[in-house]
Amino acid sequence: ILYEDDDLLVSNKPSGLTVHPAPSVKEATLVDWRKHKGIRLSTISGEERHGIVHRLDKGTSGVMVVAKNNEAHEALSAQLQDKSMGRFYLAVINPPLKNDMVMVDRPIGRSAQNRLKMAEVEGAKEAKTLFKHLALSKDEKNELIACKLFTGRTHQIRVHLETFSRHILGDHLYGVKNDKLEQILLHAYVLYFIHPTTKKRCQFSAPLSQPMQEYLEKYFEQEIINEQLPHENFERHFTISAS
C-alpha cells in the first residue's frame, strides 16, 4: 500500500497477480486480497470488479488506485475520460526506437488469429500511446523507454510496440518465445489524478519490481538511469510533444 484514506487506496501491484476475478482465473486476485483484508470497496463496477477504476495486466507490475466508495469511483472514472488522470509506464524493449519519441494512434481489438492476443483491428476501439527514449543498454541493443497512455485498452503498450516491430523483454505472448526472462519488464511507474474529495492533485510512484531493478543495474549505465527516473515531474519527458 502506497497511500490510503477514506476514499481510495493506492498500491504497488506485483507481477503475476490478476486484478479481478473472471471465469478463467483460478488463483486469488487483487480484489480478493482487498476483501480478505476487510478493505471497503466501491460496488459501481459490479461484484467481480469491486473498487476497480482501471486495471493492469496480470504480468504488469506497478501503481494502481482503487475506489472505496461509489462517489470516489465515479469521480476517478470521469478523470480517466477527460484525461485529468494520467499514467506513465516504464518498459525495456528490443530493438531501440529509431526516434526520441514515437506516437502510435491505432485501434485495438481482439486478434482473429490468436484469441489470447489483442491486435490492431480496423474499426475497433481507438488507442493512442506515446513512447519516449530514456536510456540505451550498455551494448545498445535494448532500450529503457517511458510510455504515456492516452487510452486504456487491454495490452495496449504491447500491441502498439508490435505494430512497428518492437517488443518488451520478458513478453512471451507478443515478444520472443525463447526470451529467458520470467517477468515482463513493463512497470506502471507514475499515476496522477485529482483527489475526489480534497480536489488536490495527487501523484504516486511505485518502486520498480526486483527483476526490473536488477536488470537495469546489470545492463544499463546507472548514472543515466538515475538521471531519468526521478518520479517528481516525470511528465517533463513528454513536454515537447504536449506543446
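What you see as residue numbers is a count from 1 along each chain, following the sequence as written. In view of the model being predicted, local features appear only for residues whose pLDDT reaches at least 70, and side-chain atom pairs are presented and counted only at 80 or more, with totals across whole chains, interfaces and linings using the full set of residues. Calculation of side-chain values draws on the structure's entire complement of heavy atoms; hydrogens and water are dropped beforehand.

The next point concerns the overall build of the protein chain. Secondary structure counts use DSSP, requiring at least four H or I residues in a row for a helix and at least two E residues in a row for a strand, with both numbered from the N terminus. A tally of helices and strands in the protein chain yields six helices and twelve strands. We compute the radius of gyration over the C-alpha atoms and compare it with the globule rule, which gives 2.2 Å times the number of residues raised to the power 0.38. Since a compact globule built from 243 residues should have a radius of gyration of about 18 Å, the 18 Å found for the protein chain is in line with a globular shape. Among the 243 residues that make up the protein chain, the fraction classed as buried is 50%. Partitioning the contacts of the protein chain with sequence separation of at least 6, the portion at a separation of at least 24 is 65%. Accessibility here uses a 1.4 Å probe with only protein chains present; expressed as a share of the type maximum, an area under 20% marks a residue as buried, one over 50% as exposed, and anything in between as partly exposed. Contact between two residues is taken to exist if any of their heavy atoms lie within 4.5 Å; hydrogens are not considered.

As a further point, take the confidence of the model for the protein chain. Low pLDDT means the predicted coordinates in that region are not meant to be read closely. Mean pLDDT over the protein chain: 90, with 91% of residues reaching 70 or higher. The quantity known as pLDDT measures the predictor's confidence residue by residue, on a range of 0 to 100. Ranking the helices and strands of the protein chain by mean pLDDT puts strand β8 (residues 128–136) first, with 98, and helix α6 (residues 239–242) last, with 57.

The aromatic pairing rule takes the rings of Phe, Tyr and Trp, using the six-membered ring of Trp, and pairs them if the centres are within 6.5 Å, calling planes under 30 degrees apart stacked, those over 60 edge-to-face and the rest tilted. Taken as a whole and judged by the stated rule, the model has nine aromatic pairs. Following the ring pairs from residue to residue traces out a cluster consisting of Phe-88, Tyr-189, Tyr-192, Phe-234 and Phe-238. Two conditions define a charge sitting above a ring: the NZ of Lys or the CZ of Arg must be within 6 Å of the ring centre, and it must be within 35 degrees of the ring normal. The ring of Tyr-192 is capped by Arg-201, whose NZ or CZ atom sits 4.5 Å from the centre of that ring.

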